[in-house]
Amino acid sequence: MKRYFIAMVLGITSVLVFAQTRTVQVLEDGWKFQKGNPDQAYQIQFNDSKWENVTVPHDWAIYGSFNKNIDKQTVAITQNNETTATEKTGRTGALPFIGTAWYRNTFTVPSFEPGKTVILLFEGVMSEPQVYLNGKKIGEWKYGYSYFYFDISNDLKVGENTLAVQASNPEFSSRWYPGAGIYRNVSVIVKNKESIDQWGTFITTPYVSEASARVNIKTQVSGEQVTLKTSIYDANAKLVGQLHSETQFGKAFEQNIKVDAPKLWSPETPYLYTAISQVFVNDVLKDEVETRFGIRDISYTAKDGFKLNGKVTKFKGVCLHHDLGPIGTAVNTAALRRQLRILKDMGVNAIRSSHNMPSLEQLELCDEMGFLFLAESFDEWKKPKVKNGYNRFFDEYAEKDIINLVHATRNHPSIVMWSSGNEVPDQWGAEGVKRAKWLQEIFHREDPTRPVTVGMDQVKAVMESGFGALLDVPGLNYRVHLYEEAYEKFPQGFILGSETASTVSSRGIYKFPVVQEKEKQYPDLQSSSYDLEACSWSNVPDEDFVLQDDKPWVIGEFVWTGFDYLGEPTPYDNYWPSRSSYFGISDLAGLPKDRYYLYRSRWNTESETLHVLPHWNWEGREGEVTPVFVYTNYNSAELFVNGKSMGVQKKNTSSPQHRYRLMWMDVKYEPGTLKVVAFNDDGSVAAEKEVHTAGTPYKLVLTSDRKTLHADGKDLAYVEVSVVDKNGIPCPTATHQLQFKVKGSGVYRAACNGDATSLEQFHLPTMKLFSGKLVVLVQSKKEAGNITLDVKGKGLKSASITLQSK
């Protein structure tokens, strides 16, 4: 396979050249940034010398500081069944995303010459961007999550060009932390007039068998007297199919290429092929585009539910917001990859981008790592949830935004379903039914191969109105008590748990007595990690497990959420200083909560799970009842406290909790050792686990998720910092203030401890431990070499770790 990847360093850009026919210039460096709305900032001659130097992707608000008065909302959240308006102080993360800011970049395009076609591509700007090139407004967009582009062929100059972008976020425009600024990539694409249109390739696999697959490729090509040659290569760069076509209908070529003995894409075997599309005029190569794709077959039927490659598959999914915790919304591949690795170990096979269009980087990783994907579009339609939300733009932009979503992402094999909305107030009334039908038809027109769902929380209303019946896939958000009725009334023959659970917990925090409750609040603004607390409208995981296991017509679930996220600090959204969520299976730092192991014990069928909670440091609770839970894939286990048996527990059907957890409810605390012995079904010992009471915190311990980074100025290592006593036993209640210093070929990027009430700024090199742990993010420079992180805290033995950057 002949490839022409030429890396070029041009000061402000990185350039990827395809066969000398097109260049893709990513504008990462050289940006100037200023919060505010200075007059004439779009003009070429404007003096930006005192502006801040930043790189893009960039989130201007993540640096804080936290402030309870930012976007303070007095509102009744109808999705949460609230009827009385109350003050919400952390609903959007209490970070300064509101306001207007400008970005400017002066760049050159060496490959540009008059007569070329030039596209300026934005993958996401939060929000309402106004775009200027060389002092002239070339366009605008409204939706902060949408990809969009402009043809700047007549506006780009040979030599130096000035790009200016204004972004504006009004108050009351979001229900969570949206971030702020140019938070995804910006690219300049230069190509010949005879070329493949932007997002102009559409690859499907309408016939798949063990013997062969038909790869259908529809390609939109501009220019006259053009021909199209498409070559398909396997993962080893071996040519497996090729076709050269001369017949064009309007701008469209349609090709069918046979691939023998195809290797099918699935979460277990995420095999990817590559199609190289080449445009010729009189045998002269004019354009070349590379498209990765997977060969796979999907179907949704009343008989079998969802089938992937002929195999019934249940969605073991999580919902993810787009922020990346301590680095905010600025997209970063290393951060996304770490999230997906954590989820993969948990046994997750599916992601829902909630409630917005996903980043292209996230989709590429899901293709590579093997995750099914539910790509969502909107949180609002015409009826508002928040005053200045998407409702303002729905009529003008909804169709354009869906088209861009589908065209930009439809070749990703991971995407197996679209979602046109989440808990939209339009679920009520005839107009909402018409809107649901209209949006679904746009998806069908642009992509006939995938079904459409909506996350519906007003289940009674959509059963009566016909809203739920018209959808390809009826998605229920919570409302587990209505699943049976919805199944009977909806015609599709299956139900998707499009959003489930919303259990709340704080990592390493346990409350007594241990009882199942809703809307439980505590003076410290934390939630118990016994995983028995939920909201008035939600439930604990076990209730969803019963439906998933016992009802074959339930085709899977997407748990809210895989990770904590900034904003929506339910059940403390009217209590300061709570400023981020408690819903996550892992916390904001990516550290697993106990609940992670409950899901892992069900979903990860390849690995052993044996997890014991709570920790065993309870000074002052001696002799008091301190229940012990075990999350495990084994069906029975025996618990010992300091060598004394507390008895054998077996999973049973007496309650949802007893079916999926082993629970010793009458254990009385005494310091020492908890020991759990798990048994195989034949009664033999399968595994053992111990938890010890820790002594006085003694030293810091550092472990990194990676030892080697790319010297590209943006790669990240996540270093977990914990505290142990003199015997190496973890200290689960340590709260020491720590300081961080990075030397060598890297920089300190951020830290996070997972505490939803912490007001410490992520980018400052100091932070308190929370439940004995935190995470430090180390970022590479563009120079190779060693990177050393030093961590110290008063009264603790310091620690260092050295990484390599290549």
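The residue count restarts for each chain, going from 1 along the sequence in the order it is written. Two thresholds apply to this predicted model, a pLDDT of at least 70 for residue-level local features and 80 or more for giving and counting side-chain atom pairs, whereas whole-chain, interface and lining totals are computed over all residues. Here the side-chain values reflect all heavy atoms present in the structure, with hydrogen atoms and water set aside.

Trainee: Describe the overall build of the protein chain, naming the residues involved and giving the relevant values.
Mentor: By definition, any uninterrupted DSSP run of H or I lasting at least four residues is a helix, any uninterrupted run of E lasting at least two residues is a strand, and each is numbered from the N terminus. Of the regular secondary structure elements, the protein chain holds 10 helices and 50 strands. A radius of gyration in this sense is built from C-alpha atoms; the matching globule rule multiplies 2.2 Å by the number of residues raised to 0.38. Relative to its length of 806 residues, the protein chain is compact, with a C-alpha radius of gyration of 27 Å against a globular reference of 28 Å. For the protein chain, the spread of C-alpha atoms along the three principal axes comes to 85 × 60 × 55 Å. Working definition: with a 1.4 Å probe on protein chains only, accessible area under 20% of the residue-type maximum means buried, over 50% means exposed, and in between means partly exposed. When each of the 806 residues of the protein chain is scored for burial, the buried share is 61%.

Trainee: Can you break down the environment of Arg 184 residue by residue, with the values?
Mentor: Along the chain, Arg 184 falls in the loop between β13 (160–169) and β14 (186–191). Residues Arg 184 and Val 331, 147 residues apart in the sequence, show an inter-C-alpha distance of 5.6 Å. When neighbours within four sequence positions are excluded, Arg 184 is seen to be in contact with Val 56, Pro 57, Glu 123, Gly 124, Tyr 145, Tyr 147, Val 331, Asn 356, Met 357, Pro 358 and Ser 359. Here the side chain of Arg 184 touches Glu 123 through a polar contact of 3.4 Å, landing on its backbone oxygen. Pairs of N or O atoms within 3.5 Å make up the polar contacts considered here, provided that, within protein, one atom can donate a hydrogen while the other can accept it, and that residues adjacent in sequence are counted only when both atoms are side-chain atoms. A polar contact of 3.5 Å, which involves the side chain of Arg 184, links it to the backbone oxygen of Tyr 145. Any two residues whose heavy atoms approach within 4.5 Å are treated as being in contact.

Trainee: How would you sum up empty space enclosed by the protein? Please name residues and give values.
Mentor: Definitions used throughout: a 1 Å grid over protein atoms alone; a cavity as a set of points that fits a 1.4 Å probe which cannot get out; a pocket as an open set with protein on both sides within 12 Å along at least five of seven lines; a lining residue as one with an atom within 4 Å of a point. Grid points are joined across faces, edges and corners, and a volume is the space filled by probe spheres set on the points. A complete count under the given rule lists nine cavities of 30 Å³ or more for this structure. Here the largest cavity defines a volume of roughly 320 Å³. Around the largest cavity, the lining comprises 24 residues; the ones closest to its centre are Tyr 143, Tyr 145, Ser 173, Gly 389 and Tyr 390. When residues are grouped by polarity, Ala, Val, Leu, Ile, Met, Phe, Trp, Tyr, Cys and Pro land in nonpolar, Asp, Glu, Lys and Arg in charged, and all others, Gly among them, in polar. In terms of residue class, the lining of the largest cavity is built from 10 nonpolar, eight polar and six charged.

Trainee: With reference to specific residues and values, describe the sheet that holds strand β31 (residues 495–501).
Mentor: Criterion used throughout: strands pair if DSSP finds at least two bridges between them. Taking strand neighbours around the barrel as the criterion, the eight strands line up as β25-β26-β27-β28-β29-β30-β31-β34 in a closed arrangement whose pairing is parallel. Direction aside, the axes of adjacent strands within the sheet are offset by 25 degrees on average. Taken together, the two bridges between strand β30 (residues 473–477) and β31 define a ladder with parallel strand orientation. When the sheet's bridge partners are listed, Asn 477 is paired in β31 with Glu 499. Angles run from 0 to 180 degrees between N-to-C directions of axes, and those axes are lines fitted to C-alpha atoms, restricted for helices to the stretch in contact. Across the sheet, helix α2 (residues 360–369) is in contact with β25 (315–320), β26 (350–353), β27 (372–376) and β28 (415–422); its angle to β27 comes to roughly 160 degrees. Sheet contacts for helix α4 (residues 430–446): β28 and β29 (452–456); angle to β28, the most-contacted strand, approximately 155 degrees.

Trainee: Tell me what's going on with the side chain of Gln 73, and back it up with residues and numbers.
Mentor: Mapped onto the secondary structure, Gln 73 falls in strand β6 (residues 73–75). The exposure class of Gln 73 is buried, given its relative accessible area of 4%. One polar contact links Gln 73 to Arg 91, side chain to side chain, over a distance of 2.8 Å.

Trainee: Give a description of the pairing of strand β12 (residues 148–151) that names residues and reports values.
Mentor: Where burial is concerned, the two faces of β12 differ: the one with Phe 148 and Phe 150 is buried and the one with Tyr 149 and Asp 151 is not. Of the pairings in the sheet, the one linking strand β9 (residues 117–122) to β12 comprises four bridges and is antiparallel in character. Considered in β12, the bridge of Leu 120 is made with Phe 150.

Trainee: Residue-level account of the sheet that holds strand β50 (residues 799–805), with values.
Mentor: Strand-to-strand pairing in sheets goes through backbone hydrogen bonds, with the strands running parallel or antiparallel. The five strands lie next to each other as β43-β50-β49-β45-β47, forming an open sheet whose pairing is mixed. Looking at the sheet topology across the chains shown, the edges are occupied by β43 (708–709) and β47 (766–768). Bridge analysis of strand β45 (residues 737–744) against β47 gives three bridges, and the strand direction is antiparallel. Residue pairing across strands places Gln 739 opposite Thr 766, the latter belonging to β47.

Trainee: Outline the packing of aromatic side chains, supporting the account with residue identities and numerical values.
Mentor: Each Phe, Tyr or Trp ring, with Trp reduced to its six-membered ring, pairs with another whose centre is within 6.5 Å; inter-plane angles below 30 degrees give stacked pairs, above 60 give edge-to-face pairs, and intermediate values give tilted ones. What the rule picks out here adds up to 46 aromatic pairs. Between Tyr 273 and Phe 293, the aromatic rings sit 5.9 Å apart at their centres with planes inclined by 25 degrees, giving stacked as the arrangement. Placement of the pair is Tyr 273 in strand β20 (residues 273–281) and Phe 293 in strand β21 (residues 284–293), with a sequence separation of 20 residues. Geometry around Trp 141 places Lys 400 over its ring, the cationic atom sitting 5.4 Å from the centre. In this structure, Arg 621 is placed above the aromatic ring of Phe 512, and the distance from its NZ or CZ to the ring centre is 3.7 Å. In this scheme, Lys NZ or Arg CZ marks a charge over a ring once it lies within 6 Å of the ring centre and within 35 degrees of the ring normal.

Trainee: Quick rundown of the pairing of β28? Include the residues and the values.
Mentor: Burial of β28 is extensive: eight of the eight residues sit out of reach of the surface. The pairing of β27 with β28 spans four bridges and is classified as parallel. Bridge pairing in β28 links Ala 375 to Trp 418. We call a crossover right-handed when, viewed with the strands running away from us, the connection from the first strand over the helix to the second turns clockwise. In terms of handedness, the path from β27 via helix α3 (residues 394–409) over to β28 forms a crossover that is right-handed. The sheet contact formed by β28 and β29 spans three bridges and is parallel.

Trainee: Let's hear about the packing of helix α1 (residues 333–346) against helix α9 (residues 594–603): which residues, and what values?
Mentor: Interhelical geometry of α1 versus α9 gives an angle of 55 degrees and a closest axis separation of 8 Å. In terms of orientation, α1 lies oblique with respect to α9. Along its contact with α1, which presents Ile 342, Asp 345 and Met 346, the element α9 presents Tyr 596, Tyr 599, Arg 600 and Trp 603. Its residues placed into classes, the contact of α1 with α9 shows five nonpolar, no polar and two charged. Each angle receives one of four descriptions, namely roughly parallel if under 35 degrees, roughly antiparallel if over 145, roughly perpendicular if within 65 to 115, and oblique otherwise.

Trainee: Describe the layout of surface pockets, naming the residues involved and giving the relevant values.
Mentor: Its boundaries defined by the atoms lining it, the second largest pocket holds a volume of some 730 Å³. Those elements that place two or more of their residues in the lining of the second largest pocket are α9, β35 (610–613), β41 (685–692) and β44 (716–724). Within the lining of the second largest pocket, the residues separate by chemical class into 14 nonpolar, seven polar and seven charged.

Trainee: Kindly report on the pattern of salt bridges, identifying the contributing residues and their values.
Mentor: The working definition used for a salt bridge is a side-chain nitrogen of Lys or Arg within 4 Å of a carboxyl oxygen of Asp or Glu. Applying the stated criterion across every chain, the model contains 44 salt bridges. Between Glu 140 and Lys 137 there is a salt bridge, with its nearest N and O atoms 2.8 Å apart. Relative accessible area serves as the criterion here: at 38%, Lys 137 is assigned to the partly exposed category. The partner of Arg 659 in a salt bridge is Asp 550, with the nearest N and O atoms 2.7 Å apart. Of this pair, Arg 659 sits in helix α10 (residues 656–660) while Asp 550 sits in helix α8 (residues 541–550), and the two are 109 residues apart along the sequence. According to the relative accessible area criterion, Asp 550 is partly exposed, its value standing at 38%.

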